[in-house]
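Letter by letter, the chains look like this.
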Amino acid sequence: MFDRSASALNGRRFRKRNGTMEAPFAAPNNDSGAEVAGTIQPARLRLESVDVLRGLIMIFMALDHTRDFFGFTTFSPTDPARTTIPLFFTRWITHFCAPVFFLLTGTGAFLSLRTKSKRELSRFLFTRGWWLIFLELTLFRCLGFQFNFDYHVTLLNVLWALGWAMIVLSVSVHLPVSVNAAFGLVLIAGHNLLDPIQSSSPIWAILHSPNFIVNNPQHSVFAAYPLIPWVGVTAVGYSLGQVFAWTPERRRAFLLRAGLGVTAAFVILRLINAYGDPLPWTPQKSAAFTMLSFLNTNKYPPSLLFLLMTLGPALIFLWAVDGRTPPVLRPALIFGRVPLFYFLVHMPLIHLIAVAVCYARYGQVHWMFESPTIGQFPFTSPPGWGFSLPIIYLIWASVVCALYPFCRWLGAVKRRRSDAWLTYL
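Residues numbered from 1 in each chain as written. Predicted model: local features only at pLDDT ≥ 70, side-chain atom pairs only at ≥ 80, totals over all residues. Heavy atoms only, no water.

1. Looking at the overall build of the protein
Counting its secondary structure elements, the protein contains 16 helices and six strands. Counting every position in the protein, which comprises 425 residues, the buried fraction comes to 53%. Sequence-distant contacts, at least 24 apart, represent 74% of the contacts inside the protein between residues at least 6 apart. Summed over its atoms, the accessible surface of the protein is roughly 18200 Å², and 67% of this surface lies on carbon and sulfur atoms. (Helix = DSSP H or I, 4+ residues; strand = E, 2+ residues; numbered from the N terminus. Buried < 20%, exposed > 50% of the residue type's maximum accessible area, 1.4 Å probe, protein only. Contact = heavy atoms within 4.5 Å. Areas by Shrake-Rupley, 256 points an atom, 1.4 Å probe, with all protein chains shown as cover.)

Quick look at the structure:
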């Protein structure tokens with residue numbers, strides 16, 4: 001969510017090098033200065049490795065939402081007993097989206113200290129956090145997932161959780177980076193200890209176990225993204241930001257070691273099959289489907305193993321593209337630089353395409369505007385609704401290609417201008 005341009009950095013003038021504006025990374029006047037002392041290197045205002053990873057997960061996110069609207073909904077695509085291998089991995093690859101996005105939100109917060117004081121960053125996180133919560137409950141709810149204003153069913157989804165994670169971070173940025181790291185790691189590693197607690201309390205649904213916080217014949221509000229683990233990922237991402245002030249050699253070595261270590265921790269803990277996920281893996285009808293069971297970790301809430309499985313490869317990817325974005329991945333930079341705009345626009349576009357396909361197939365579209373129960377979210381499936389994976393992939397590719405020029409235009413505007421309203425996109 002952080003896509004910032006600036007014209008000054010801690011009172012220093014920018015210098016131009018190879019046609020690109022650069023400035024020295026000046027450690028803020030706080031504890032983090034001691035942690036990066038002696039390792040400060042020139043840093044670009046934007047880090048391509050962060051942008052390209054963010055852009056890729058935005059692209060994969062559109063695949064998941066396309067499948068939501070056009071796929072078959074009679075069973076979970078990650079259920080090893082019923083899924084197919086292509087369908088499983090169509091869903092599984094999109095598991096990386098939310099964890100990486102929360103992680104990079106924290107990283108972007110730390111990096112913005114190049115142009116903000118901690119007080120300014122705290123205010124920015126606090127106000128933008130509330131902005132995201134507002135968008136979740138209004139624009140995204142009524143004109144994105146659901147095309148109605150009746151509020152019969154409301155899901156507290158990713159923007160809700162991201163908003164609260166930013167609000168919490170607006171307070172914790174005043175603490176040492178090491179404290180943020182420890183705080184985040186404790187939440188990530190320890191929240192599964194709370195799994196045995198069974199409670200219908202709305203507070204518990206918001207914090208740990210997805211559940212209804214309002215459920216009556218008129219209105220239902222379901223907390224789909226419990227806050228505890230997502231706040232932890234964001235705090236760890238904030239701590240990760242200091243790594244990008246290190247020398248390239250030290251940074252790459254850390255990213256590779258951390259990525260391999262986190263991935264190995266996932267494999268070892270998953271093999272032990274005793275802690276870290278409420279869904280133990282079990283032998284299936286073949287070795288291939290047993291592997292699917294092994295990879296089928298819990299997202300709601302994101303278990304320790306789910307986060308290890310997704311964040312480890314993400315760190316390895318950051319190492320792989322550090323300072324050398326492959327040409328084939330450069331289009332992803334466009335989406336990674338305007339993530340909120342892309343997020344808010346791609347869903348209505350997918351939903352509108354579903355309306356058009358529904359009309360062409362049935363001659364009526366009322367189902368696409370109806371979501372009276374949680375079982376009929378985000379729309380009521382028409383009789384016989386659902387398309388094959390090749391069709392879903394074709395629609396997904398069309399959506400991404402259609403959004404590309406608009407994201408490229410907005411990215412260019414944000415590079416040229418620094419109007420306050422642009423920070424809301």
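2. A short note on the sheet that holds strand β4 (residues 153-156)
One open sheet holds the three strands; their spatial order is β4-β6-β5, and the pairing between them is mixed. Each edge of the open sheet carries a strand with a single partner, namely β4 and β5 (211-215). Averaged over neighbouring strand pairs, the angle between their axes works out to 20° when direction is ignored. Inspection of the sheet shows β5 paired to strand β6 (residues 220-223) by four bridges, in the antiparallel sense. Considered in β6, the bridge of valine 214 is made with valine 221. (Pairing = 2+ DSSP bridges. Axes fitted to C-alpha atoms, helices over the stretch in contact; angles between N-to-C directions.)

3. Examining the packing of aromatic side chains
How two aromatic rings sit relative to each other is given by the distance of their centres and the angle of their planes. Inspection of every chain in the model, using the stated rule, returns 30 aromatic pairs. Summarising the aromatic geometry, the rings of phenylalanine 69 and phenylalanine 145 are spaced 6.4 Å apart at their centres and angled 20° between planes, so their arrangement reads as stacked. With phenylalanine 69 in helix α2 (residues 48-70) and phenylalanine 145 in helix α6 (residues 139-145), this residue pair connects regions lying 76 residues apart in the sequence. Comparing phenylalanine 69 with phenylalanine 145 shows no difference in burial state: the two are buried. Summarising the aromatic geometry, the rings of phenylalanine 140 and phenylalanine 145 are spaced 5.4 Å apart at their centres and angled 75° between planes, so their arrangement reads as edge-to-face. (Phe/Tyr/Trp six-rings, centres within 6.5 Å; stacked < 30°, edge-to-face > 60°.)

4. Details of helix α16 (residues 389-416)
For α16, built from 28 residues, the straight-helix expectation of 40 Å at 1.5 Å per residue is met to within 8% by its first-to-last C-alpha distance of 40 Å. Where α16 bends most, at tyrosine 404, the angle is about 35°, and the proline proline 405 comes one to four residues later. (Expected span 1.5 Å × (residues − 1). Bend = angle between axes of the 7 residues up to and from the residue.)

5. As for the nonpolar core
Within the largest apolar cluster, 119 residues are counted, with the highest numbers of intra-cluster contacts made by Phe70, Tyr238 and Tyr342. No other element matches the twelve residues that α2 contributes to this core. Sequence-distant contacts of phenylalanine 70, defined by excluding residues within four places in its chain, comprise Ile350, Ile353, Ala354, Val357, Trp385, Gly386, Phe387, Ile392 and Ile395. (Core = buried A, V, L, I, M, F, W, Y, C linked by side-chain atoms within 4.5 Å.)

6. A few points about the confidence of the model for the protein
Averaged over every residue, the pLDDT of the protein is 89; residues scoring 70 or more account for 89%. Considering only residues more than four positions removed or in separate chains, one finds that residues 1-44, a stretch of pLDDT under 50, has 100 contacts. (pLDDT = per-residue confidence, 0-100.)

7. What to know about unusual backbone geometry
Put simply, tyrosine 300 and proline 301 share a cis peptide bond, and its omega is -5°. Mapped onto the elements of the fold, proline 301 is located in the loop between α12 (287-295) and α13 (304-321). With phi around 55°, tyrosine 151 is a residue other than glycine that occupies positive phi space. In this structure, tyrosine 151 sits in the loop between α6 and β4.

8. Description of the pattern of salt bridges
With the rule as written, the count across this model stands at ten salt bridges. Between aspartate 64 and arginine 67 there is a salt bridge, and its shortest N-O distance comes to 2.8 Å. Here aspartate 64 and its partner arginine 67 are both found in helix α2, three residues apart, which amounts to about one turn of the helix. For the pair formed by aspartate 64 and arginine 67, the shared burial category is buried. Arginine 91 serves as the salt-bridge partner of aspartate 64, at 2.8 Å between the closest nitrogen and oxygen. Taken as a pair, aspartate 64 in helix α2 and arginine 91 in helix α3 (residues 85-92) lie far apart in primary sequence, 27 residues in all. Since its relative accessible area comes to 9%, aspartate 64 is described here as buried. According to the relative accessible area criterion, arginine 91 is buried, its value standing at 8%. Residues participating in the shared-partner salt-bridge network are Glu48, Asp51, Arg54, Arg330 and Arg337. (Salt bridge = Lys/Arg side-chain N within 4 Å of Asp/Glu carboxyl O.)

9. Digging into the packing of helix α15 (residues 339-362) against α16
Across the interface, α15 lies against α16 with an axial gap of 10 Å and an inter-helix angle of 140°. In terms of orientation, α15 lies oblique with respect to α16. Crossing angle aside, the handedness with which α15 passes α16 is right-handed. Of α16, the residues touching α15 (which contributes Phe341, Tyr342, Val345, His346, Leu349, Ile350 and Ile353) are Ile395, Val399, Val400, Ala402, Leu403, Phe406, Cys407 and Leu410. A class-by-class count of the residues in the contact of α15 with α16 yields 14 nonpolar, one polar and no charged. (Parallel < 35°, antiparallel > 145°, perpendicular 65-115°, else oblique. Left-handed = near helix turned anticlockwise from the far one by under 90°. Nonpolar A, V, L, I, M, F, W, Y, C, P; charged D, E, K, R; others polar.)

10. Quick notes on the environment of phenylalanine 294
Within the secondary structure, phenylalanine 294 is located in helix α12. A relative accessible area of 11% means that phenylalanine 294 is categorised as buried. The spacing of phenylalanine 294 and arginine 270 is 24 residues in sequence and 7.1 Å in space, taken between C-alpha atoms. Setting aside residues up to four positions removed in sequence, phenylalanine 294 forms contacts with Phe266, Val267, Arg270, Leu271 and Trp281.

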